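Architecture and fold: a report
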Amino acid sequence: MWPQVALESMMTILPRTQPPALSLPLVGGGTIDDLELGTGVDGRFTLMVFYRGLHCPVCRKQLRELDAELDALREAGVGRVVAISMDTLKRASISIEDWELSRLPIAYGLSEEQARQWGLFISSGFKKGEPELFSEPGMVILDSDNTVFWATVSSMPFGRMPIKAIIHGIEYVTEEKYPARGVVAP
């Protein structure tokens, strides 16, 4: 029998609202607080990528692509980028080394409670190499006023938006002065 979670207890990340506070350590030292997420520093937007962890080959592909596209993201207006998982420091460090990530900040130690606050799905490991619990993937773009501009979550490892599509989307919303969508204004 799978555990049931009441829908009322799951927080939904809504556009144009402040996301839950989040302070996590970064591999290599410091915390995500040092990145000044959601402040518009070095570009209007912040991209937060929640990934499943070291065990996930789809995450490996996504984070390698993200690491390679950091300059293009900055040119499009994304000043800050961070990848976040429930992995331990050891597992997150192995990811950086094995996946050959050279510039992407990696935060670790996301708790189950924090993952749920951010609207992420939680899975139980069942294959060798999977941790007991881990979050499924999600992406959140924060605007310069630290409100959610765009968010997507998945209950499976596949179906993630390619980084180039995000870059094109950011360029479009900037050029067209396109507002955050998904919430009917009061």
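In this report, the structure presented in the accompanying data block is examined. (Residues numbered from 1 in each chain as written. Predicted model: local features only at pLDDT ≥ 70, side-chain atom pairs only at ≥ 80, totals over all residues. Heavy atoms only, no water.)

Moving on, we come to the overall build of the protein. Regarding its fold elements, the protein presents 5 helices and 7 strands. Listed by position from the N terminus, the elements making up the protein come as β-α-α-β-α-β-α-β-β-β-β-α. Relative to the 2.2 N^0.38 estimate, which gives 16 Å for 186 residues, the radius of gyration of the protein is 16 Å and therefore close to what a compact globule would have. Across its three principal directions, the C-alpha atoms of the protein cover 45 × 40 × 30 Å. Sequence separation of at least 24 residues holds for 70% of the intrachain contacts in the protein that already meet a minimum separation of 6. When the accessible area of the protein is evaluated, it comes to approximately 10000 Å², of which 56% is carbon and sulfur surface. (Helix = DSSP H or I, 4+ residues; strand = E, 2+ residues; numbered from the N terminus. Rg over C-alpha atoms; globule rule 2.2 N^0.38 Å. Contact = heavy atoms within 4.5 Å. Areas by Shrake-Rupley, 256 points an atom, 1.4 Å probe, with all protein chains shown as cover.)

What follows deals with helix α5 (residues 163–175). Taking 1.5 Å per residue, 13 residues should reach 18 Å; α5 reaches 18 Å between its end C-alpha atoms and fits that length. Residues of α5 that are buried include every one of Ile 163, Ile 166, Ile 167, Ile 170 and Val 173, and no others. The buried residues of α5 occupy an angular sector of 135 degrees when projected down its axis, which confines them to one face. Pointing more than 90 degrees away from the buried face of α5 are the exposed residues His 168 and Glu 175. Positive phi appears at Lys 177, one or two residues downstream of α5, with a value of about 50 degrees. (Expected span 1.5 Å × (residues − 1). Buried < 20%, exposed > 50% of the residue type's maximum accessible area, 1.4 Å probe, protein only. Arc of directions from axis to C-beta.)

So, on to the layout of surface pockets. Taken as a whole, the second largest pocket encloses approximately 240 Å³ of empty space. Taken together, 16 residues make up the lining of the second largest pocket; nearest its centre are Ile 141, Phe 149, Trp 150, Gly 169 and Val 173. Elements represented by at least two residues in the lining of the second largest pocket include exactly β7 (148–153) and α5. Ranked by residues supplied to the lining of the second largest pocket, first place goes to α5 with 5 residues. (1 Å grid on protein atoms, 1.4 Å probe; cavity = no way out; pocket = protein on both sides within 12 Å on 5 of 7 lines; lining within 4 Å. Points joined across faces, edges and corners; volume = space filled by probe spheres on them.)

Within the structure shown, the criterion is met by 1 cavity of 30 Å³ or more. In this structure, the largest cavity spans a volume of roughly 30 Å³. As for the largest cavity, its lining consists of Phe 50, Trp 118, Leu 120, Gly 138, Met 139, Val 140, Ala 151, Thr 152 and Val 153. Elements with a contribution of two residues or more to the lining of the largest cavity: β6 (138–142) and β7. Its residues placed into classes, the lining of the largest cavity shows 7 nonpolar, 2 polar and no charged. (Nonpolar A, V, L, I, M, F, W, Y, C, P; charged D, E, K, R; others polar.)

That is the geometry; function is a separate question.
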